[in-house]
Structures are given as structure tokens and as C-alpha cells.
2 protein chains.
Amino acid sequence: MNEKSNSLKNDSKADKKREALQLAKTYLQTLGFNGFSFQTIADSLGIRKASLHYYFSSKEEMGLELIKDYESAYKLWSAKVADLSAAQKLEKLVSMFLKISEQGQYICPTGVLTSDYNTLPAKMKKKVKDFHFMQREWIIETLEQGKKERTFRQDLDTKITADLIMATLQGGLQLMRLRGEKDIVKKMCHAVFESFYA
Amino acid sequence: MNEKSNSLKNDSKADKKREALQLAKTYLQTLGFNGFSFQTIADSLGIRKASLHYYFSSKEEMGLELIKDYESAYKLWSAKVADLSAAQKLEKLVSMFLKISEQGQYICPTGVLTSDYNTLPAKMKKKVKDFHFMQREWIIETLEQGKKERTFRQDLDTKITADLIMATLQGGLQLMRLRGEKDIVKKMCHAVFESFYA
DNA sequence: TATACTCTACCTACCAGTAGGTAGAATTGC
DNA sequence: GCAATTCTACCTACTGGTAGGTAGAGTATA
């Protein structure tokens, strides 16, 4: 009475919420936060819009969970690359963004949320900022690691360089969307990274 | 009945349309194309929403006129700097973006429209692309000018560098919005431009 | 009087969110 | 072991509000 019914029900329990969040991520990164609605997700999921409110009390809350998801994914990722050299870490960072861009019209979550920033609910604004500073901190630390490892120039301004990397990746994905040429982000990043080396 | 009424009415003739377009630009660059409505503009303008349809048959058409405006402003600007050196031209380009960023929460029009791209009407998508390629062409030519002038490195890849400049400016303004630090765009650009010189 | 401009009044479609209900599974009390 | 109850995972039907857009009347100016 459990083995069999489990196989039937297992996937339609609490991970329907996960499915919804996954869809929301797709829509967020392709259409922006104001570009999709509960209806959009409900239709894709095959349930009613009202039922989504069973999982998320409001769109704002769904947005907050979305960012929390991105954050924990980033933390997981950075733990996985923790033992690499600074140069390798940056290479992996670019790969991650390249993977985003490969999925067609996707752009990076922080980029979308920054564009939509002024229309976002207050709590989401704060979360977006926090997420940004988290990513920035990681890049700064990685650049400092590279200086200690003597692979990066000692006079590298890690803060400005971190901003530069973020802007390049964020802006790069957006150019990619417009032009469809998959390799421009890679080329751009390598043009930037060149100047780091000692 | 004319002298006096003129001073009162003069500005409310055909340039009411210009006023509307100016407001639309503000809203576009702060809230995105889906972040404002005819209602928003009508309220700010002190007229009814329906009256706006006298000037713009649809929001799509208003969007198209908006981009046309940006385009002609860009052409005017590039004509004005035509006689400068390549290095000076790039400096002026940065100044233009800095001026945008100074107006608080403004980001660059191409950046916004790229973020909203997938929700845009077809004709607007095409216009956005055209505008992008126009800007790109200008930067490529300017970089080539700099190579001829022997101020820029001869092995500079003008196409990739043009993309890099655009991504940096576009992404930079977006970081600015999030962080509020006005000088990061300037610093980032100078960090990039450094590597151009011979 | 003609035309330029703005209005009221309305439309349909969609938005986020709420009220209240239900089938069935899980848990509890005896 | 079985009935009473509660919880899960949805549902239908609706609210108030906004979106883009239209028809046609009213008003001002030349």
C-alpha cells in the first residue's frame, strides 16, 4: 500500500512546487519578471492559477524564493570550484554564463532583475542587491587569490576588475540575445582576462 | 486674444507629442517598455489616455518612434564629434553614458530594450537590432581610426573590442542602478580602454 | 466652416489575489 | 480495527484593478 502508490504519487507532491519554480526561472530569464504571470506558469503546469497560490502566497514571494534558489545554486557551485586556481575559477565562471547563453534567449538572472529593478517589490529589491554583492565578493576574492598565486598582475584593482567582469558577462549575454552569435561572450571575456595576467 | 493666449498655449500644439515622447523615454529607461502604460503618460501629461491615441495609433508605434528618436539623436551626436581623434571620440562616448547614469535610475535604451526583447512586437525587435548595429558600426570605425592614427594597438580586434565596449557600458549602467555609485562606469571604462593604447 | 485636438464612455483581455469548496490521503482517538 | 478528524492538493467562481484600444461626440482655433 506504499511501494506502488509511491511510484504514482511521488513526483506530484512537493516537487510540483519545484516544477513551478523551474518554469518561473525560465520565464524570468527569457521574459523578465513582469513578462510572465501566475497564469502563464499555471497553464504550463496544467493546473489552475489559484492553485499556485497554495504554493506561493504572492508573486513577490515566488520572486523571493526564486532569488533564494539562485543564491543557493551559486553557493553550491562556488563550493565545488573552491579548490581550483584563480584562473581556473574564472574560466569556470565564464563557462557557467556560456551555458546560460546556450539555452537560446536566456540572460543572467541578475541582469534581468536589474533591468526590472524599479518595478520590483521592496523585499525583492533588497534580495537582488544582496545576491549581486555575494557574486561580487566571490569575484574579488578570486582575483585576490590570483594575485597571491602570482598569476595575476600585482597592481590589479580587484574591485573595479570585479565590476568589469560582471558588466561584461551581464552585458555580453544581452548582446548575445540580440545577435544570436554564441561565441561573442567567450571572445569578449578572453579579451578582458588577457590583461589580468602578470 | 493671441499674444497672451499664445504664451499660454504655444507649447501645447504639436509639441505635446514631443512632450509625450520625452516622458515615454524617461519611463522606458527607468521602468522598461512593459513598465509604463499610456495611462502613465496621460496622467503625467494631464490629458486622457484616449487622447494619446490621437498621436500614436498604438503603443508599438510609439515604441517605434521612440527608437527613431534615439537613432537620430545618435546620428546628430556622431556628426558633432566627427572631427575628433579616436581617443577623444571614445572619451565622449563614455561621457554620454555617464550623463545618462547621472539622471539617477536611467539605463541605456538599448540595454532596456534588449532585456524586454522577447516581449516586444516584431517591428520593434527589428528596429532595436538595427539601432544596435548602427552603434556597433560607429565604434568599430572609431577603433579603426585609432589604429590608423597609431594611438591604438595595431593588433586590436576591432569587432570584439566594439562588443566589449558596448557590453561594458550597458552592463555598467545596470550595475550603477543597483549600487548607486556614480563613478564605477567611468573607472571600468578606463580600465578597459587602457589596454587599447599602443 | 473645416480641421485639429481632446473628451466621455466604453470594450475585451488580462493581472494578482480571494472566498469557499472538495476528493482523497494521512493521522488520531477510542 | 474503525470512525472522526485533519491535512494536502487542488478546484470553480469571483473581485478590483489595469492593460491596450475604439467610437463618436464636443470644443477650440484658423
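From a predicted model like this one, the values you see are computed outputs, not experimental measurements.

Quick look at the relation of the copies chain A and chain B
Between chain A and chain B, the superposition needs a rotation of 180° and an axial shift of 0.0 Å, giving an RMSD of 0.0 Å. Given the turn and translation reported, the copies of this chain are related as if by a two-fold rotation axis. Taking C-alpha positions as reference, the residue of chain A nearest the rotation axis is Gly171 of chain A, located at 2.3 Å. In this assembly the copies share their binding face: 100% of the residues contributing to the interface of chain A also contribute to that of chain B.

Quick look at the protein's contact with DNA strand C
Taken together, 16 residues lie near DNA strand C, and Lys49 and Lys59 of chain A together with Ser51, Tyr54 and Tyr55 of chain B sit nearest. Sugar plus phosphate, as a fraction of atoms of DNA strand C within 4 Å of the protein: 59%. In the model, a phosphate oxygen of DNA strand C is placed 2.9 Å from a nitrogen or oxygen of the Ser37 of chain A side chain. One of the backbone N or O atoms of Phe38 of chain A is found 3.2 Å from a phosphate oxygen in DNA strand C. Listing elements by their share of the surface near DNA strand C, those giving two or more residues are helix H3 (38-45) and helix H4 (49-55) of chain A together with helix H4 (49-55) of chain B. Sorting elements by how many residues they give to the surface near DNA strand C places H4 of chain B first, with four residues. Of the residues that constitute the surface near DNA strand C, the class distribution is seven nonpolar, five polar and four charged.

Side note on the confidence of the model for chain A
Should the pLDDT be low somewhere, the predicted coordinates at that spot are not to be read in detail. Residue and element names in this part refer to chain A. With 93% of its residues at a pLDDT of 70 or more, chain A shows a mean pLDDT of 90. Mean pLDDT across the secondary structure elements of chain A bottoms out at helix H1 (residues 3-9), with 31, and peaks at helix H8 (residues 122-148), with 97. Confidence drops under a pLDDT of 50 for residues 1-11, and excluding neighbours within four residues, the segment shows two contacts in the predicted structure.

Notes on the pattern of salt bridges
It is possible for side chains of opposite charge to pair when their charged atoms get near one another. All names here are of chain B. Counted by the stated rule, this structure contains 18 salt bridges over all chains. Measuring nitrogen to oxygen at the nearest pair gives 3.2 Å for the salt bridge that ties Glu65 to Lys17. With Glu65 in helix H5 (residues 59-80) and Lys17 in helix H2 (residues 15-31), this pair connects stretches of sequence that are 48 residues apart. Judged by its relative accessible area of 17%, Glu65 falls in the buried class. In this structure, the salt-bridge partner of Arg136 is Asp163, at a minimum N-O distance of 3.0 Å. With Arg136 in helix H8 (residues 122-148) and Asp163 in helix H9 (residues 158-179), this residue pair connects regions lying 27 residues apart in the sequence.

A word on the protein's contact with DNA strand D
What surrounds DNA strand D is a group of 19 residues, the closest being Arg48, Ser51 and Tyr55 of chain A together with Ser37 and Lys59 of chain B. Restricting attention to atoms of DNA strand D within 4 Å of the protein, one finds that 62% of them are sugar or phosphate atoms. Lys59 of chain B has a polar backbone atom sitting 2.7 Å from a phosphate oxygen of DNA strand D. If you list the elements that add at least two residues to the surface near DNA strand D, you get H4 of chain A together with helix H3 (38-45) and H4 of chain B. Per element, the largest residue contribution to the surface near DNA strand D is four residues, and it comes from H4 of chain A.

Quick look at the interface of chain A and chain B
Counting residues at the interface gives 36 residues for chain A, matched by 36 residues for chain B. Between chain A and chain B the total buried area reaches about 3,300 Å² when both faces are included, carbon and sulfur atoms providing 65% of it. The three residues of chain A that bury the most area against chain B are Asn118, Leu178 and Arg179 of chain A, which together make up 20% of that side's buried surface. Taken together, the links from chain A to chain B amount to two salt bridges. Between Asp163 of chain B and Arg179 of chain A there is a salt bridge, with the nearest N and O atoms lying 2.9 Å from each other. Between chain A and chain B we count 14 residue pairs in polar contact (both at pLDDT 80 or more) in total. Those elements that provide at least two residues to the side of chain A that touches chain B are helix H2 (15-31), helix H7 (109-115), H8, helix H9 (158-179) and helix H10 (184-193) of chain A. If you tally residues by element for the side of chain A that touches chain B, the top one is H9 of chain A, at 14 residues. Taken together, the residues of the side of chain A that touches chain B break down into 15 nonpolar, 14 polar and seven charged.

Rules of the game
Residues numbered from 1 in each chain as written. Chains lettered and ligands numbered in written order. Predicted model: local features only at pLDDT ≥ 70, side-chain atom pairs only at ≥ 80, totals over all residues. Heavy atoms only, no water. Least-squares fit on C-alpha atoms with pLDDT ≥ 70 in both. Contact = heavy atoms within 4.5 Å. Near = heavy atom within 4 Å. Polar contact = N/O pair within 3.5 Å; in protein donor to acceptor, adjacent residues only side chain to side chain. Helix = DSSP H or I, 4+ residues; strand = E, 2+ residues; numbered from the N terminus. Nonpolar A, V, L, I, M, F, W, Y, C, P; charged D, E, K, R; others polar. pLDDT = per-residue confidence, 0-100. Salt bridge = Lys/Arg side-chain N within 4 Å of Asp/Glu carboxyl O. Buried < 20%, exposed > 50% of the residue type's maximum accessible area, 1.4 Å probe, protein only. Buried area = accessible area lost by both parts, 1.4 Å probe.

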